[in-house]
Amino acid sequence: MAIPVFWDSISRSHPFLHSSLPILSNENSIPRKNKWLCFSSTSQLDPIQSEVSFCVGTHLIPHPNKIERGGEDAFLVSSYNGGVIAVADGVSGWAEQNVDPSLFPQELMANASYLVADEEVNYDPQILLRKAHAATASIGSATVIVAMLERSGKLKIANVGDCGLRVIRGGQIIFSTPIQEHYFDCPYQLSSETVGQTYIDAMVGSVQLTEGDTIVMGSDGLFDNVFDDEIVSIIARHSNVTEAAKALANLASIHSMDSEFESPYVLEAKSKGIDVPLWKKILGMKLTGGKLDDITVVVGQVVRSQGLEGENNSEE
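Residues numbered from 1 in each chain as written. Predicted model: local features only at pLDDT ≥ 70, side-chain atom pairs only at ≥ 80, totals over all residues. Heavy atoms only, no water.

Section: the environment of G273
Phase 1 of the analysis: One can find G273 in the loop between α6 (264–271) and α7 (278–282).
Phase 2 of the analysis: Each C-alpha atom, one on G273 and one on F184, is 9.8 Å from the other, the two residues being 89 residues apart in sequence. (Helix = DSSP H or I, 4+ residues; strand = E, 2+ residues; numbered from the N terminus.)

Dropping the structure here:
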């Protein structure tokens, strides 16, 4: 994602409250982040009733040219209620204005993490976007998606732009979020600009989840490089959410660097009438290849809360 919709020539700085920079891995010297969490959310009103929550695994692979600073994606995983997950993808075009594109999404996610239990939010992802956006002072912009799981199994979603979410049940995708864009490769985005998209522009929806459902959330670095049937196949092969997230991110990374791969990104470009120049066509060249980008993957599995005591965290 390279095109900011609105520009601001005034640079401001604001220390973000939490960093999503990945843990360094010695594998190929690429910074990556893995995390596995199980959330317990048993009812205080009816201790016999078994309710649902998330087990979550995450994996982040920065753009090859952005490894040193960890890329420009940020994500949130919270155990509040049945679980809250979110991804924000910074708009890289801000770098041309000497603005660090990673600061806005990092601060946005930090603010969301502090506001998730806010009484005014009232477990509404669209209101969470409004309050987190209003509290973000960094210059920049980002696409963002937030999903909040109620203990009853209802998943509420709000997204602005081209981060996405898929719900998989019984080996099939039963729910997916749409892309919002002004034109090809220029998605809707929350911004530091006074004129632009806001929480009002978010696409909102909900889906009732059941035990065993799997949620795949990610930045466009995942969905521009991995087809839905590949996502379903990988989820079917990995029962562990961390391994599933890692496998999806690695596949997206491989496809992104394959100049011969006819990626979802390329197919979308062709559908919008974008192709190689005529002289390249004459030489037999075709529009192919993946899209190099930051890749963030969050995989959540819906489990019964009863019997899970406390919160179990581990990191690789």
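After that view of the structure, there is still more to cover.
Comments concerning the nonpolar core
Phase 1 of the analysis: In terms of nonpolar packing, the biggest core is built from 25 residues, with L108, M109, L128, L129, V144 and V146 touching the most fellow members.
Phase 2 of the analysis: Counting only elements with at least two residues in this core, the list comes to β3 (73–78), β4 (84–90), α1 (103–115), α2 (125–134), β5 (141–149) and β6 (154–160).
Phase 3 of the analysis: The element best represented in this core is α1, accounting for five residues.
Phase 4 of the analysis: Contact partners of M109, with chain neighbours within four places excluded, come to A74, F75, L76, A86, V87, A88 and V144. (Core = buried A, V, L, I, M, F, W, Y, C linked by side-chain atoms within 4.5 Å. Buried < 20%, exposed > 50% of the residue type's maximum accessible area, 1.4 Å probe, protein only. Contact = heavy atoms within 4.5 Å.)

Some words on the packing of α1 against α2
Phase 1 of the analysis: The N-to-C vectors of α1 and α2 enclose an angle of 125°; their axes lie 8 Å apart at closest approach. In terms of orientation, α1 lies oblique with respect to α2. Here the hand of the crossing between α1 and α2 comes out right-handed. Residues F104, L108, N111, A112 and L115 of α1 form the contact with α2, whose participating residues are L128, K131, A132 and H133.
Phase 2 of the analysis: Residue classes in the contact of α1 with α2 are distributed as six nonpolar, two polar and one charged. (Axes fitted to C-alpha atoms, helices over the stretch in contact; angles between N-to-C directions. Parallel < 35°, antiparallel > 145°, perpendicular 65-115°, else oblique. Left-handed = near helix turned anticlockwise from the far one by under 90°. Nonpolar A, V, L, I, M, F, W, Y, C, P; charged D, E, K, R; others polar.)

A look at the confidence of the model for the protein
Phase 1 of the analysis: Overall, the predicted model of the protein reaches an average pLDDT of 83, with 77% of residues at or above 70.
Phase 2 of the analysis: Confidence drops under pLDDT 50 across residues 38–49; counting only partners more than four residues distant or on other chains, this segment forms 35 contacts.
Phase 3 of the analysis: Below a pLDDT of 50 lies the segment residues 307–316, which in the model reaches 24 contacts outside its immediate sequence neighbourhood of four places, other chains included. (pLDDT = per-residue confidence, 0-100.)

Section: the pattern of salt bridges
Phase 1 of the analysis: If you walk through the whole model with that rule in mind, you get 16 salt bridges.
Phase 2 of the analysis: Between D213 and R169 there is a salt bridge, with its nearest N and O atoms 2.8 Å apart. Taken together, the positions of D213 in the loop between β12 (203–208) and β13 (214–218) and R169 in strand β7 (residues 164–169) put the pair 44 residues apart, joining distant regions of the chain.
Phase 3 of the analysis: Between K270 and E262 there is a salt bridge, with its nearest N and O atoms 2.8 Å apart.
Phase 4 of the analysis: Where salt bridges share partners, they join D185, D220, D224, K291 and D293 into one cluster. (Salt bridge = Lys/Arg side-chain N within 4 Å of Asp/Glu carboxyl O.)

Points about helix α5 (residues 241–256)
Phase 1 of the analysis: For α5, with 16 residues, the first-to-last C-alpha span of 22 Å sits near the 22 Å given by 1.5 Å per residue.
Phase 2 of the analysis: Three or more residues of α5 are buried, namely V241, T242, A244, A245, A247, L248, A249, L251, A252, S253, H255 and S256.
Phase 3 of the analysis: The opening residue of α5 is N240, an N-cap whose side-chain oxygen sits 2.9 Å from the backbone nitrogen of T242. (Expected span 1.5 Å × (residues − 1). Polar contact = N/O pair within 3.5 Å; in protein donor to acceptor, adjacent residues only side chain to side chain.)

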